[in-house]
Amino acid sequence: MRRLEGARELLDGPLDDAATVVGNLRDLRRINRRLGGVAISAAAVMELAGDPPRAVSLLDVGTGSADIPLELVRRLRAQGRAAGAVAVDSRAEIVDLARTLDPRLQHADGVELAVADGRALPYGDGTFDIVHASLLVHHLEPRDAVALLREARRVARRGVVVNDLVRAHHFWWLARALVALTTRNPITRNDAPLSVRRAYTRMELRALLASAGLRPIHEAVAVLGHRVAIAAVPIVDSPPRP
C-alpha cells in the first residue's frame, strides 16, 4: 500500500463541533488504552528513562487529550521517580477540550498543558529528558515530520519516542472494521482508516528518525502489530541531514 499524500483528516480541519471533537478524543483514549498504545509508549519511555530512581521530565507533542502523558507520569512515579510532563498541542481548541475532558488536567496533576507547534518548540536545547509524540507523525508529510523530529532531538537530553500507526492493507481493513463496530463518531469513523493510509511503515519511520539525527535503540509493537513505539537517541557528532 502506497502512502496517501496530501490528504487531510477531519481532526486537521475546523473544530467547530465541540461535542463531536470530545467524542473523538474519548474514542482515541479508549483505543490507546485497549489496543496497546499506552503500553508501547511506556515500554519505549522506560528504555530511555534508565534505572530508578532517576527523575524524568517529559515533553508530549501533539498531546490530544493528554491521556498518554498522564499515564506515563503515573507509571514513572509508581517506580519512585520524580516525574512530570508538559503536554502541548498546536490547536488551542484541543487543549481547552482536554482540560474539560479530564479533571486531573485542571489541577496540573503532574502534567502541564500548553499550545505549541512541534516543528518550532518554544523551549531551549535539552530542556526535557524525553520527548514523546503519539499518533502525530502520520499527520505530517516527510519534510515536516523530519522538522518535528529535529526539534524533538534538540530539546531532549536523553532521547525521543515516536508512537504511531503502521501502514499496511490489513491494518486499514482492521481500522475500518473496528470503528464500524465500536463508534458512531464521524471524526473517528473517517479518520481512523485514513490515518492508516497516511501512516509510515516501520522502515520509513526509522529513515525519518535517521534524517533527524536519531538512532533507534528499542521498538515496542502493539499486540495486533498495527502500531509501534520507537525509542531513539541522538547520533553523536552527526547533525541532522537536510
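Details of the structure are given in the entry above.
All of the points below concern the structure found in this document. (Residues numbered from 1 in each chain as written. Predicted model: local features only at pLDDT ≥ 70, side-chain atom pairs only at ≥ 80, totals over all residues. Heavy atoms only, no water.)

Let's talk about the side chain of histidine 132
Assignment of secondary structure puts histidine 132 in strand β4 (residues 128-134). Within the structure, the side chain of histidine 132 is placed 2.5 Å from the side chain of aspartate 60, a separation counted as a polar contact. Not counting residues up to four positions away in its chain, the partners in contact with histidine 132 are Ser41, Val45, Leu59, Asp60, Val61, Ile68, Leu72, Val161 and Asn163. (Helix = DSSP H or I, 4+ residues; strand = E, 2+ residues; numbered from the N terminus. Polar contact = N/O pair within 3.5 Å; in protein donor to acceptor, adjacent residues only side chain to side chain. Contact = heavy atoms within 4.5 Å.)

Remarks on helix α6 (residues 169-182)
The end-to-end C-alpha separation of α6 is 20 Å, in line with the 20 Å expected for 14 residues at 1.5 Å each. Here α6 has its buried residues at Phe171, Trp172, Ala175 and Val179. Buried positions in α6, seen along its axis, are confined to an arc of 105° and lie on one side of it. Turned more than 90 degrees away from the buried face of α6, the exposed residues are His170, Trp173 and Leu181. (Expected span 1.5 Å × (residues − 1). Buried < 20%, exposed > 50% of the residue type's maximum accessible area, 1.4 Å probe, protein only. Arc of directions from axis to C-beta.)

Concerning the nonpolar core
Ranked by internal contacts, the top residues of the largest apolar core, which has 41 residues, are Leu59 and Tyr123. Breaking this core down by element, the ones donating at least two residues are β1 (56-61), β2 (83-89), β4, α5 (142-155), β5 (156-165), α6, α8 (202-211) and β7 (227-234). Among the elements that make up this core, the one with the highest residue count is α5 (six residues). Once residues lying within four places of it in the same chain are set aside, the contact partners of leucine 59 are Val86, Val88, Leu121, Tyr123, Phe128, Ile130, Val131, His132 and Val155. Grouped together as the second largest cluster of nonpolar side chains are 30 residues, Val38, Ala98, Leu113 and Ala220 included. (Core = buried A, V, L, I, M, F, W, Y, C linked by side-chain atoms within 4.5 Å.)

Quick word on the sheet that holds strand β3 (residues 111-115)
Spatial strand order, β3-β2-β1-β4-β5-β7-β6: seven strands in an open sheet with mixed pairing. The two strands at the open ends of the sheet, each matched to only one other strand, are β3 and β6 (214-221). Taken over all neighbouring pairs, the strand axes of this sheet differ in orientation by 20° on average, direction set aside. Along the sheet face, helix α3 (residues 67-78) touches β1, β2, β3, β4 and β7 and points at about 170° away from the line of β2. Across the sheet, helix α4 (residues 92-101) touches β2 and β3, and the angle it forms with β3 is around 155°. (Pairing = 2+ DSSP bridges. Axes fitted to C-alpha atoms, helices over the stretch in contact; angles between N-to-C directions.)

By themselves these figures say nothing about function.
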